[in-house]
Amino acid sequence: MAQQNVKSPQTGSSSLRDTEGGLVESTLTHRSSGSSGGKKREKRADPSLHNPSASAPHACQRVTAGSRRFSRISFYELAMSVTEMFSYIQGFLSADQDVREDIRKVVQVLEQTAREILTVLQSVHQPSGFKDIPSKCLKARELFSTVQSQIGELKTKFPVEQYYRFHEHWRFVLQRLTFLAAFVVYLESESLVTREEVAKILGTEVDREKGFHLDIEDYLAGVLIMASELSRLAVNSVTAGDYGRPLRISNFINELDSGFRLLNLKNDPLRKRYDGLKYDVKKIEEVVYDLSIRGLAKEPEAGGDK
């Protein structure tokens, strides 16, 4: 700010005055008259004009000191409550981790059983395995009884109402088991397994209100996995000399594809898996085409054997 020196008319002493705010920053020296004895008295500008809080310094100090004591007490009380709160949260997290660890142990056993069933069913892709399909399916069903007991144990590891909270732990193995059950049913009857039949084979429920159930998306994912397995079976059937099976598989897969087209699937893992179905359809159609141009594929006569 611009400043200038102003001469005092009484004393002739100069004072420093702010030309913009008009605030006196220097002291004004006055000489007393009469009985003052020529003593000089200095009159300073009242600081309260510029700082209102300076008019009561002791009150401000008392309020400030009291606020510090209050904030110090509140801090310690808050620190104790936060510690107790996070101790409770840690206990909750520890209990949740224990439940998840118990679920993982059972799921690992389920995955091992699923691998054993898959090993049994994989033999049908061998030339000699087509003759033993009934015995392979029977052995697989025996292993599914083990799956039922293992799923029964899994049900006891978490509260019923928290099914979807831990669903990611067994989702993939349940989809794999659904595929295996659907594959067994197809090998036995060449038909599509229903969700109710899969739930009965695995020992689960269909309705979510009844507890551990087979989710509809897990069922559909298992069916799509079976479609990929059937496309492989169509190729291996030709190698084994069974030229009629690829044609029947082609009809089944085309019907399955038509059914999935009726579903409004969003952009999720199920939709991505369904996108692979068109490659299975194309692969099987190529097998049927090769058989047709060679005169090896024949439509079964009405009322005749397949």
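Just so you know, these numbers come straight off a predicted model, no measurement behind them.

Asks: Even after reading the chapter, I still don't get the overall build of the chain, so can you show me in this structure?
Replies: If you tally the helices and strands in the chain, you get 8 helices and 4 strands. In the chain, which comprises 306 residues, the proportion classed as buried is 32%. Of the contacts made within the chain by residues no fewer than 6 positions apart, 66% connect residues no fewer than 24 positions apart.

Asks: Is there a simple way to think about the side chain of R195 in this case?
Replies: Of note, R195 is situated in helix α4 (residues 195-202). Buried charged residue R195 carries no salt bridge. Nearest counter-charge: D215, at 5.8 Å. Among the polar contacts made by the side chain of R195, one reaches the main-chain carbonyl oxygen of V206 at a distance of 3.1 Å. In contact with R195, not counting residues within four places along its chain, are V206, H213, L214, D215, I216 and Y219.

Asks: Hey, could you run me through the packing of helix α3 (residues 167-189) against α4 in this one?
Replies: Geometry of a packed helix pair, given as the angle between the helix axes and the separation of the axes. Interaxial distance between α3 and α4 falls to 10 Å at its minimum, and their mutual angle equals 110°. On the basis of their axis angle, the class for α3 and α4 is roughly perpendicular. Contacts between α3 and α4 involve L174, L177, T178, A181 and V185 from the first element and V198, I201 and L202 from the second. Partitioned by chemical class, the residues of the contact of α3 with α4 number 7 nonpolar, 1 polar and no charged.

Asks: Explanation requested: the nonpolar core in the structure shown.
Replies: Soluble globular proteins tend to bury their nonpolar side chains together. F144, W170 and I253 are the most contacted members of the largest nonpolar core, which totals 64 residues. At the level of elements, α1 (57-122), α2 (133-155), α3, α4, α5 (216-239), α6 (245-261), α7 (269-275) and α8 (277-293) are the ones that each hand at least two residues to this core. Considering every element that reaches this core, the biggest residue donor is α3, with 13 residues. Not counting residues within four places of it along the chain, the set of residues in contact with I253 comprises A227, L230, L277, V281 and I284.

Asks: Please explain α3 as it appears in this structure.
Replies: Because each turn of an α-helix spans 3.6 residues, side chains separated by three or four positions in sequence point in the same direction. With 23 residues, α3 ought to run about 33 Å at 1.5 Å a step, and its terminal C-alpha atoms sit 31 Å apart, in line with that. In terms of residue burial, α3 counts as a mostly covered element, since 17 of its 23 residues are buried. Count one or two residues on from α3 and you reach E190, which has phi positive near 55°.

Asks: Help me understand the packing of aromatic side chains, please; the structure alone is not making it clear to me.
Replies: What the rule picks out here adds up to 10 aromatic pairs. When the ring of F260 is compared with that of Y274, the centres are 5.7 Å apart and the planes differ by 20°; the resulting orientation is stacked. With F260 in helix α6 and Y274 in helix α7, this pair connects stretches of sequence that are 14 residues apart. Taking the relative accessible area as the measure of exposure, F260 reaches 5% and is therefore buried. Grouping aromatic residues by their ring pairs yields a cluster made of F158, Y163, Y164, F166, W170 and F212.

Asks: What exactly am I supposed to notice about a negative patch on the surface here?
Replies: A cluster of like negative charges, contributed by E196, E197, D207 and E209, occupies part of the molecular surface. The topology assignment puts E196 in helix α4. By relative accessible area, which is 48% here, E196 ends up partly exposed.

Asks: Even after reading the chapter, I still don't get the pattern of salt bridges, so can you show me in this structure?
Replies: Side chains that differ in sign of charge can pair as their charged atoms come close. Tallying each qualifying case throughout the model produces 11 salt bridges. For R232, the salt bridge is made with E229, and the minimal N-O distance between the two is 3.7 Å. With R232 and E229 both in helix α5, this residue pair falls 3 residues apart, about one helical turn. On the basis of relative accessible area, R232 is assigned to the partly exposed category, the value being 35%.

Asks: I tried to follow the packing of α2 against α4 on my own but got confused; where do I start?
Replies: Remark: α2 packs on α4, axes separated minimally by 7 Å, with the N-to-C direction vectors making an angle of 80°. Here α4 runs roughly perpendicular to α2, going by the angle between their axes. Between α2 and α4, the residues in contact are R141, F144, V147, Q148 and I151 and K200, I201 and L202, respectively. Among the residues making up the contact of α2 with α4, the classes are represented as 5 nonpolar, 1 polar and 2 charged.

The rules behind each value
- Residues numbered from 1 in each chain as written.
- Predicted model: local features only at pLDDT ≥ 70, side-chain atom pairs only at ≥ 80, totals over all residues.
- Heavy atoms only, no water.
- Helix = DSSP H or I, 4+ residues; strand = E, 2+ residues; numbered from the N terminus.
- Buried < 20%, exposed > 50% of the residue type's maximum accessible area, 1.4 Å probe, protein only.
- Contact = heavy atoms within 4.5 Å.
- Lys, Arg positive; Asp, Glu negative; His and termini not counted.
- Salt bridge = Lys/Arg side-chain N within 4 Å of Asp/Glu carboxyl O.
- Polar contact = N/O pair within 3.5 Å; in protein donor to acceptor, adjacent residues only side chain to side chain.
- Axes fitted to C-alpha atoms, helices over the stretch in contact; angles between N-to-C directions.
- Parallel < 35°, antiparallel > 145°, perpendicular 65-115°, else oblique.
- Nonpolar A, V, L, I, M, F, W, Y, C, P; charged D, E, K, R; others polar.
- Core = buried A, V, L, I, M, F, W, Y, C linked by side-chain atoms within 4.5 Å.
- Expected span 1.5 Å × (residues − 1).
- Phe/Tyr/Trp six-rings, centres within 6.5 Å; stacked < 30°, edge-to-face > 60°.
- Patch = residues over 30% accessible without salt bridge, like charges linked within 9 Å, V, L, I, M, F, W, Y side chains within 5 Å.
- Areas by Shrake-Rupley, 256 points an atom, 1.4 Å probe, with all protein chains shown as cover.
- Charge placed at Lys NZ, Arg CZ, Asp CG, Glu CD.

Interpretation note: all reported values are geometric properties and have no functional meaning in isolation.
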